[in-house]
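Chains, contacts and geometry: an overview
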Number of protein chains: 2
Amino acid sequence: MKIVNENILAFEKLYRTNLFNSLSGFKSANLIGTISKEGKTNLAIFSSVIHVGANPPLMGLLMRPVSVERHTYHNIKGTCFFTINQIHKDIFKQAHQTSARYDKDVSEFDACGLTPEFTEIVKAPYVKESKIKIGLKFLEEHEIKSNGTIFIVGEIIEVIFPDEVIAKTGYVDIEKAETIVISGLDSYHETKRIARLSYAKPGLEPKEI
Amino acid sequence: MKIVNENILAFEKLYRTNLFNSLSGFKSANLIGTISKEGKTNLAIFSSVIHVGANPPLMGLLMRPVSVERHTYHNIKGTCFFTINQIHKDIFKQAHQTSARYDKDVSEFDACGLTPEFTEIVKAPYVKESKIKIGLKFLEEHEIKSNGTIFIVGEIIEVIFPDEVIAKTGYVDIEKAETIVISGLDSYHETKRIARLSYAKPGLEPKEI
């Protein structure tokens, strides 16, 4: 099947949303925890978190226009802190439920059955039930002019995970932590490792390691 | 295990790279196809492609600083076109091999055993062996000041995929297309659907659909 530009513009809204949400491939599954200046916690599922760099350690995520998704954005701008909490198999339904449109004075932690947890250095709530949790400080934002979305970049200042998921090399086995993955708007998947491959060099076939 | 800021800075480079590359969760697996103004094709694996929007249809990807990853970037800026090709189970080794540092005059298509394919409206090579292929026109770039990486946004102008992977709702079943997913720097995984969940509403438990 081939779809070209003029046909794309003719699709009805939900069809178009379903279609384009699958084209980037599988998406990371994370909960973003924030708190307002008034102390109200907020939790929201995001499938747009990506690795930005290791030195300094940076992560990024894309947010919908501020007019739509205001709680997470305003909390990050208000406090400069947010947490990224990987979603695993046992909490994916609660995580999905955070996408419901709750009123501003309702915390998604309470409404969805997840537990806020704080540390000394990060002024934003972690998700106690998550296994791999990252605390970040807001650094940069970039508005995508074409649609008003905002790419947020934060610096990692704290990382919390179970001892058994990290190898001596620093590789974190997120499959062992049962981290799941998203496709489209609403599909959740577990993973099964095919292989790890050696560092690629010209003229050498990649080897399984 | 808890790692805080001062310890992060003490890690050696490879350990740090391994660690931070896993923290965003699983990553999409795509090949970016481009061509130089002189007609030389280029192919590179990226794990940073994300969905940016459905209306207009947009996708984004993060590139390493221009000084490092110059072929893909310069080709996109030179021609304004690029393709995104999902990586499936049967081509993941060839896809991984594109990350080797080939000379500018070597096409990764030839070196890695993949086939360039062109359409009338996209002036960049698709990967024939890929099942889900997207043609894009360059729209915006944003430099992440903290580390010099560049977030590129393109508009989707063509989509090519097998008829059997799309549902009437527009949902594209990328698991059926055997699209794979990446963790860390070098780990490749297949997926198994756990569930699709209904649109979340306050006060209602999400249902499997």
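Heads up: the structure comes first, above all this text.
My aim in this report is to walk through the structure given alongside it, one point at a time.

Parameters at a glance
Residues numbered from 1 in each chain as written. Chains lettered and ligands numbered in written order. Predicted model: local features only at pLDDT ≥ 70, side-chain atom pairs only at ≥ 80, totals over all residues. Heavy atoms only, no water. Buried < 20%, exposed > 50% of the residue type's maximum accessible area, 1.4 Å probe, protein only. Helix = DSSP H or I, 4+ residues; strand = E, 2+ residues; numbered from the N terminus. Pairing = 2+ DSSP bridges. Least-squares fit on C-alpha atoms with pLDDT ≥ 70 in both. Contact = heavy atoms within 4.5 Å. Buried area = accessible area lost by both parts, 1.4 Å probe. Salt bridge = Lys/Arg side-chain N within 4 Å of Asp/Glu carboxyl O. Polar contact = N/O pair within 3.5 Å; in protein donor to acceptor, adjacent residues only side chain to side chain. Nonpolar A, V, L, I, M, F, W, Y, C, P; charged D, E, K, R; others polar. Phe/Tyr/Trp six-rings, centres within 6.5 Å; stacked < 30°, edge-to-face > 60°. Lys NZ or Arg CZ within 6 Å of the ring centre and 35° of its normal.

**Side note on the pairing of strand S4 (residues 41-46) of chain A**
Residue and element names in this part refer to chain A. The buried fraction of S4 amounts to six of the six residues, a majority that puts the element mostly inside the structure. Alternating residues of S4 divide into Thr-41, Leu-43 and Ile-45 and Asn-42, Ala-44 and Phe-46, and every residue in both groups is buried. Relative to S4, strand S3 (residues 30-35) runs antiparallel, the two being bridged by six bridges. When the bridges of S4 are listed, Ile-35 appears paired with Thr-41.

**Things to note about the sheet that holds strand S12 (residues 181-183) of chain A**
Reading across the sheet, the six strands line up as S2(A)-S12(A)-S13(A)-S13(B)-S12(B)-S2(B) and stay open at both edges, with antiparallel pairing between neighbours. Of all strands in the sheet, those bounded by a partner on one side alone are strand S2 (27-28) of chain A together with strand S2 (27-28) of chain B. As paired elements, strand S12 (residues 181-183) of chain B and strand S13 (residues 187-196) of chain B share three bridges and run antiparallel to each other. Among the inter-strand pairings, Ile-182 of chain B is bridged to a residue of S13 of chain B, identified as Tyr-188 of chain B.

**Quick word on the relation of the copies chain B and chain A**
Of the transformation superimposing chain B on chain A, the axial component is 0.0 Å and the angular component is 180°, with the fit at an RMSD of 0.0 Å. Those values place the two copies in the arrangement expected of a two-fold rotation axis. Residue Thr-191 of chain B of chain B places its C-alpha closer to the rotation axis than any other residue of that unit, at 2.1 Å.

**A word on the environment of Ile-8 of chain A**
Relative to the helices and strands, Ile-8 of chain A is located in helix H1 (residues 5-8). Linking Ile-8 of chain A and Gly-113 of chain A, residues 105 residues apart in sequence, is a C-alpha distance of 39 Å.

**Looking at the interface of chain B and chain A**
Between chain B and chain A, the residue contacts involve 104 residues of the former and 104 residues of the latter. In total, about 9000 Å² of surface goes out of reach between chain B and chain A, with carbon and sulfur atoms giving 61% of it. A per-residue breakdown of the area chain B buries against chain A is headed by Met-1, Leu-23 and Phe-26 of chain B, which together make up 8% of the total. There are eight salt bridges connecting chain B and chain A. A salt bridge links Arg-196 of chain A to Asp-186 of chain B, with the nearest nitrogen and oxygen atoms 2.8 Å apart. Our enumeration of links across chain B and chain A arrives at 58 residue pairs in polar contact (both at pLDDT 80 or more). Ranked by residues supplied to the side of chain B that touches chain A, first place goes to S13 of chain B with ten residues. Taken together, the residues of the side of chain B that touches chain A break down into 51 nonpolar, 32 polar and 21 charged. In the sheet, strand S13 (residues 187-196) of chain A pairs with S13 of chain B via nine bridges, with the strands oriented antiparallel. In the strand pairing of S13 of chain B, His-189 of chain A is matched with Arg-193 of chain B.

**Quick word on the pairing of strand S10 (residues 133-143) of chain B**
Residue and element names in this part refer to chain B. Two elements, strand S7 (residues 81-86) and S10, share five bridges in a ladder whose sense is antiparallel. The partner of Thr-83 across the bridge, within S10, is Gly-135. Bridging between S10 and strand S11 (residues 150-160) involves ten bridges; their strand directions are antiparallel. Looking at the pairing, Gly-135 lines up with Glu-158 of S11.

**Thoughts on the packing of aromatic side chains**
One pass over the full model with this rule turns up five aromatic pairs over all chains. Considering the side-chain rings of Phe-92 of chain A and Tyr-188 of chain A, the 5.3 Å spacing of their centres and the 45° angle between planes classify their relative orientation as tilted. Of this pair, Phe-92 of chain A sits in helix H4 (residues 92-97) while Tyr-188 of chain A sits in strand S13; the two residues are 96 residues apart in sequence, bridging distant segments of the chain. The pair Phe-92 of chain A / Tyr-188 of chain A is uniform in exposure class, with both members buried. Between the aromatic rings of Phe-11 of chain B and Tyr-15 of chain B, the centroid separation amounts to 4.9 Å while the plane-to-plane angle is 45°, which identifies the pairing as tilted. You can call Tyr-15 of chain B buried: its relative accessible area is 15%. Seen from the ring of Tyr-171 of chain A, Arg-196 of chain A lies directly overhead, with NZ or CZ sitting 3.8 Å from the centre.

**What to know about the environment of Ser-107 of chain B**
Residue and element names in this part refer to chain B. Here Ser-107 shows up in the loop between helix H4 (92-97) and helix H5 (108-112). When its relative accessible area of 4% is taken as the criterion, Ser-107 is described as buried. Between the C-alpha atom of Ser-107 and that of Cys-80, which follows or precedes it by 27 residues, the distance is 19 Å. Excluding anything up to four places from it in sequence, Ser-107 contacts Lys-40 and Thr-41.

**Here's the deal with the side chain of Gln-86 of chain A**
Within the secondary structure, Gln-86 of chain A is located in strand S7 (residues 81-86). Of the polar contacts made by the side chain of Gln-86 of chain A, one reaches the backbone oxygen of Ser-22 of chain B; its length is 3.2 Å. At a separation of 3.0 Å, a polar atom in the side chain of Gln-86 of chain A contacts the main-chain carbonyl oxygen of Leu-23 of chain B. Aside from chain neighbours lying at most four places away, what touches Gln-86 of chain A is Ala-29, Asn-30, Ile-91, Ser-130, Lys-131, Ile-132, Ile-174 and Thr-179 of chain A together with Ser-22, Leu-23, Ser-24 and Gly-25 of chain B.

**Topic: unusual backbone geometry**
At the junction of Asn-55 of chain A and Pro-56 of chain A, the peptide bond is cis and its omega measures out at 0° in the coordinates. Structurally, Pro-56 of chain A is set in the loop between strand S5 (50-54) and strand S6 (57-63). Of note, the phi angle at Cys-80 of chain B is positive, near 75°, even though the residue is not glycine. One can find Cys-80 of chain B in the loop between helix H3 (70-79) and S7. With phi around 60°, Glu-178 of chain B is a residue other than glycine that occupies positive phi space. Summarising the element assignment, Glu-178 of chain B is placed in the loop between S11 and S12.

Take it as geometry only, folks, not as evidence of what the structure does.
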